[in-house]
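# Summary of structural features
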Amino acid sequence: ETSAGAGKKGAPSESGRMSRAGSQRLSGLQRDVLALYRECLRAARAKPSADARQAGHEYVRAKFREHASIRRADFMRIEFLIRQGRKQLDMFGRPDVDGFAVSTVRR
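My aim in this report is to walk through the structure given alongside it, one point at a time. Only a predicted model underlies this, so the values are computations on that prediction, with no experimental measurement involved.

## Notes on helix α2 (residues 50-66)
Over its 17 residues, α2 extends 24 Å from the first C-alpha to the last, a length consistent with the 24 Å expected when each residue adds 1.5 Å. If you check which residues of α2 are buried, you get A52, G56, V60 and F64. Within α2, the buried residues cover an arc of 85° as seen down the axis, which keeps them to one side. Exposed side of α2, more than 90 degrees from the buried face: D51 and R65 are the residues found there. In this structure, the buried side of α2 is in contact with α1 (28-45) and α3 (75-92).

## A look at the nonpolar core
Judged by nonpolar contacts, the single largest core of 16 residues is most densely connected at C40, F64 and I78. Where this core is concerned, the elements lending two or more residues are α1, α2 and α3. The element best represented in this core is α1, accounting for 7 residues.

## Regarding the packing of aromatic side chains
All chains considered together, the criterion is met by 1 aromatic pair. Relative to F64, the ring of Y37 has its centre 4.9 Å away and its plane inclined at 70°; by these criteria the two rings are edge-to-face. Of the two residues, Y37 sits in helix α1 while F64 sits in helix α2, which places them 27 residues apart along the sequence. Looking at Y37, the relative accessible area reads 23%, which means it is partly exposed. It is K47 that lies over the ring of F92; its NZ or CZ is 4.8 Å from the centre.

## With respect to the pattern of salt bridges
Throughout the structure, instances matching the rule amount to 2 salt bridges. One salt bridge in this structure joins R86 and E39, with 3.0 Å as the shortest N-O distance. On the criterion of sequence distance, the pair formed by R86 in helix α3 and E39 in helix α1 is long-range, its members being 47 residues apart. Exposure remark for R86: the relative accessible area of 28% places this residue in the partly exposed category. As a salt-bridge pair, K63 and E66 come within 3.4 Å of each other at their nearest N and O atoms. Taken together, the positions of K63 and E66, both in helix α2 and 3 residues apart, correspond to about one turn of that helix. Of the residues examined, E66 reaches a relative accessible area of 45% and is grouped as partly exposed.

What counts and how
Residues numbered from 1 in each chain as written. Predicted model: local features only at pLDDT ≥ 70, side-chain atom pairs only at ≥ 80, totals over all residues. Heavy atoms only, no water. Helix = DSSP H or I, 4+ residues; strand = E, 2+ residues; numbered from the N terminus. Expected span 1.5 Å × (residues − 1). Buried < 20%, exposed > 50% of the residue type's maximum accessible area, 1.4 Å probe, protein only. Arc of directions from axis to C-beta. Contact = heavy atoms within 4.5 Å. Core = buried A, V, L, I, M, F, W, Y, C linked by side-chain atoms within 4.5 Å. Phe/Tyr/Trp six-rings, centres within 6.5 Å; stacked < 30°, edge-to-face > 60°. Lys NZ or Arg CZ within 6 Å of the ring centre and 35° of its normal. Salt bridge = Lys/Arg side-chain N within 4 Å of Asp/Glu carboxyl O.

See the structure below:
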């Protein structure tokens, strides 16, 4: 089980959303990851231009998928990524920010 895959429990419903019926409850950290994901998508949706909305949505999905393989027990890394994501969300959510540049750091 991965932290970023927190919302992927259960089987898809008719609406295409994942159902948590009959599955384990989410941990606090999983709820934090899922809440951050939703907030990021909302911030992308709030951008005025269609290009910025689409780019933001794609960026959010890509970043969360990039980290989906992190082990559930790697609390320190997950907490670090949540803090990093919150900082990015704060910046991206500002009305004067239209877009963003993506940079990666190889370790």
